[in-house]
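# Overview (structure and organization)
Chain residues, written in single-letter form:
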Amino acid sequence: MKEFINNFYYSFPIQLLFLHFRKSQSLLIFWCILFLVITGNFMKIFGANALFLAPEYLGNVNAGGAAITGITTGVFIMSWNITTFILHSMRFRFLATTSKPFLKYCLNNAIIPVCFLILYFFEAYYYDRNMELIPVFDFIIIAAGFVGGLFLVVAISFAYFFTADKRIVRTLKPGMLDFDEHKKAEHDQNVQTEIGFGLPVGYYLNTRFRFRKARKVAHYSQEFLDSIFMRHHISAIITIMMAFIFMIFIGFFLDHKIFQVPAAASILIFFAVVVAVIGALTHFLRSWSILFVIFLFVILNILYKYNIIDPRNKAFGLNYTQKVRPQYSREHLEALNAPARIEADKNNMIGILNRWKVNQGEEKPLMILFNFSGGGVRSATFAMNILEQLDSISKGTIMRKTALITGASGGMLAATYFRELYRLRLNGENIDLQNRRYINDISKDLLNPVFSSMIARDLFSPAQKFSVGPYRYVKDRGYAFEQKLNENTHGLLDKNIGFYSKDELGSKIPFLILNSVITRDLKKMMISTQPISFMMEPTFKDSTAEMDGPDAIDFASMFKDENPMNLRMLTALRMNAAYPYILPSVWLPSDPVIDVMDAGLRDNNGQETSLRFLNVFKDWINTNTRGVLIIQVRARQKGSWDNTYENGGILSGLTKPFSMLQLNWFRLQDYFEDDEITYAQNLDSNLHRVAFMYIPEKEERGATLNFHLTASEKKEVIASASRKNNLEAFEEVKKYLNH
């Protein structure tokens, strides 16, 4: 037994495994990320596990997408093998005396990859069957595609290295190597001890999956052994360069559907290249590698600081070529909402409200305001479903009765799409606003192209450009998001915001305000087709108001010389939904430069904007309406009692001061909103709020908050509209409509 344990411990696979944990921790991080992602323990809230377990290609989860993911999994595994072979093969010199040394290295280095693949198939089966509702036979086809892609890469890689082996043997002197593995090994010691920094190995796994004793190498010269490994290293570096070139190639052709590979594939290729780069730095620079990385970071930071390289995302349609840019200062913002300007803008809006009243056909109509919450595709799907049912119970009049639409992120994607469909119907298009196909449109995936572009374009080939009018912009993941949203909505939103100015001015369609948040100071950037300086600060002012100035900015007024009405509607929606890291923050041409991100950071439901609007026009509302109904459509459950308290241990205690605000951010907004609407009821107008809320049937089966929904999540979100809380909300809306 003791001998067995000793032989097991000194076997090549175990020695390699221990070596990785001792010497390759930076490379193991990538394996750790992959294990955590597929088990749902890392970035599940962003849908990362779905990208790997149900890879989409050409709009569907299919064998083609699985095959591409299998290919890139093979590339990552081979990059892992190649990199660690370069770094550590010198520690196991007996490999130089064997035939096909790289193949044997891979076989003995397979513990981590094999464990990952086994776990991957278990997780994929559970996920695809229960979340994507894929039949068993279809899953077998998908799994076969993955395996086929994986084996294809492995076969090509080994074929390449077999050829390299033959070239190496031909260049060596005849008789210098004896590659007969079946020759009886020396038995004068149980463990082959390596010289210098090498490690002891007793047995290794050969190509027949049998353990054989490692041969002694003392009679070979150091120079000879080094030459064999170096020739393999050159072959390995060539394969890594091929992967890098492949990513650049994909980046340049990403606009073509066939090259829009699953996001998981792009991530795996990226990991493969990064693993190779880390290995190369470690191999060639040794102890200087960390210093080199620091030096490289400093250089890149200087280039970025002085705009020599500029990876920042821009607002597509806006003019960035002006030499004189608007000042982002308190004085300039105060000038934008000077009393005379505010009065003119209020008169313009009152004209819109008067035309809205005329369209209602009654003396004192009910004014409806819609507030939509953020929440990615989950929110978009829920919002579109609610809008369709509200259109039904109002007999097609819900949009005509609506004066203002505002909110954040996913909910606004659906609201803007629904408003455009309504506009087209008014113009004579044959559109049924209650057709379920529109729910299917807005629930389609937006996450895959974003991740694919992040890797293939943002990191590897950020040189492609496109035009919006006379202006040129770099294609990045923001562009990929807009193009996919445009495709999902059949090109109906591919217009600039100025296109809607006439219809909004005539109150033909509801007035739309799209917010985003300036990262510098959390002020709102408010995008609309009409001047709204009256929305830039509260009507209440005291002596402290002058210290900070307005807390919101009228986008069109701020950038009046940068052609603001040429801004793409798709870009305005993206700015409203720019969730950190997933989508890039958008920088704007001011002095100094500012950038904006997701509106949900400050006003996730849009209620703050709505109440300010109501406060500004309270006199008109009291005189001309019978009351105001705020319809809130939120994809996040209110309250916290369903979340059980868990003691996370020491780490949880240490991180709680930082995580507390992040985890409770939207709950904090709920508290503020309840206070706000309570105070707003002091208005003379008759103010009401009805909330539609997505509540999952089972908390653990609830849809995730990201830009991707599985088949089961989509069914769950749609079904939630028929649950008790929402049926009661529909009845309440009916009551106000018929009052």
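Everything below is about the structure shown above.
Note that this is a predicted model, so its numbers are computed, not measured. (Residues numbered from 1 in each chain as written. Predicted model: local features only at pLDDT ≥ 70, side-chain atom pairs only at ≥ 80, totals over all residues. Heavy atoms only, no water.)

## As for the overall build of the protein chain
Test applied: Only DSSP runs of H or I with at least four residues qualify as helices, and only runs of E with at least two residues qualify as strands; both kinds are numbered from the N terminus onward. By the convention used here, residues are in contact when the closest approach between their heavy atoms is within 4.5 Å. Here, Shrake-Rupley sampling with a 1.4 Å probe gives the accessible areas, and only protein chains in the shown set may cover a residue.
Of regular secondary structure, the protein chain possesses 29 helices and 16 strands. Restricting the contact set of the protein chain to residue pairs at least 6 apart, pairs at least 24 apart contribute 80%. Total accessible area on the protein chain stands at roughly 33500 Å², and carbon and sulfur atoms take up 61% of it.

## Examining the pattern of salt bridges
As a reminder, the rule being used: Whenever a carboxyl oxygen of Asp or Glu lies within 4 Å of a side-chain nitrogen of Lys or Arg, that contact is scored as a salt bridge. Residue exposure (1.4 Å probe, protein chains only): buried if accessible area is under 20% of the type maximum, exposed if over 50%, otherwise partly exposed.
Counted according to the given criterion, the structure contains 22 salt bridges. Taking the shortest distance from any N to any O, the salt bridge between Lys357 and Glu363 comes out at 3.9 Å. Owing to a relative accessible area of 16%, Lys357 belongs among the buried residues under this scheme. By relative accessible area, which is 59% here, Glu363 ends up exposed. A salt bridge links Asp551 to Arg602; its shortest N-O distance comes to 2.8 Å.

## Describing helix H2 (residues 12-23)
Note the following rule: In this scheme, a helix's expected span is set at 1.5 Å multiplied by one less than its residue total.
In a regular helix each residue adds 1.5 Å, so 12 residues correspond to 16 Å; H2 covers 16 Å between its end C-alpha atoms and thus fits that length. Listed as buried for H2 are Phe12, Pro13, Ile14, Gln15, Leu16, Leu17, Leu19 and His20.

## Quick look at the side chain of Ser443
Keep this limit in mind: Definition of a polar contact: a pair of N or O atoms within 3.5 Å, with one able to donate and the other able to accept a hydrogen when the atoms are protein atoms, and with sequence-neighbouring residues admitted only if both atoms are side-chain atoms.
Along the chain, Ser443 falls in the loop between helix H16 (437-442) and helix H17 (447-460). At 3.0 Å, the side chain of Ser443 and the backbone oxygen of Ile439 are in polar contact.

## Notes on the pairing of strand S9 (residues 471-474)
Applied cut-off: Pairs of strands are assigned from DSSP output, requiring at least two bridges between the strands.
Going residue by residue along S9, you find Tyr471 and Tyr473 tucked away on one face and Arg472 and Val474 left uncovered on the opposite face. In the sheet, strand S8 (residues 465-468) pairs with S9 via four bridges, with the strands oriented antiparallel. Of the residues in S9, the one forming a bridge with Lys465 is Val474.

## A word on the nonpolar core
For clarity, the threshold we go by: Among buried residues, the Ala, Val, Leu, Ile, Met, Phe, Trp, Tyr and Cys ones that are joined through side-chain atoms within 4.5 Å form a nonpolar core.
Counting residues in hydrophobic clusters, the biggest one holds 154 residues, and the most contacted among them are Phe52, Phe370, Leu588, Ile631 and Phe692. At 10 residues, helix H5 (residues 63-88) tops the list of elements feeding residues into this core. Leu353, Met367, Ile513 and Phe617 belong to the second-largest nonpolar core, a separate cluster that totals 25 residues.

## So, the side chain of Asn448
With respect to the secondary-structure elements, Asn448 resides in helix H17. Asn448 has contacts with Leu51, Glu56, Pro262, Ala263 and His708, leaving out every residue within four places of it along the chain.

## Focus: the packing of aromatic side chains
This is how the line gets drawn: Any two of the Phe, Tyr and Trp rings considered here, Trp counted by its six-membered ring, make a pair once their centres fall within 6.5 Å; the pair's planes then place it as stacked at under 30 degrees, edge-to-face at over 60, or tilted in between. Only lysine NZ and arginine CZ atoms are considered, and such an atom sits over a ring when it is within 6 Å of the ring centre and within 35 degrees of the ring normal.
Under the definition given, this model contains 33 aromatic pairs. Where Tyr120 meets Phe121, the ring centres are 5.7 Å apart and the plane angle is 80°; that geometry is what we call edge-to-face. Tyr120 gets classed as buried once you look at its relative accessible area, which sits at 5%. Relative to Phe372, the ring of Phe370 has its centre 5.3 Å away and its plane inclined at 15°; by these criteria the two rings are stacked. Residues Phe370 and Phe372 agree in their burial class; the two are buried. Through a chain of ring-to-ring contacts, the aromatic side chains of Phe30, Trp31, Phe35, Phe76, Trp80, Phe116, Tyr120, Phe121, Phe146, Phe270 and Phe271 assemble into a single cluster. Here the basic side chain of Arg419 rests over the ring of Tyr500, its NZ or CZ set 4.9 Å away from the ring centre. The ring of Phe499 carries the charged tip of Lys495 above its face, separated from the ring centre by 5.4 Å.

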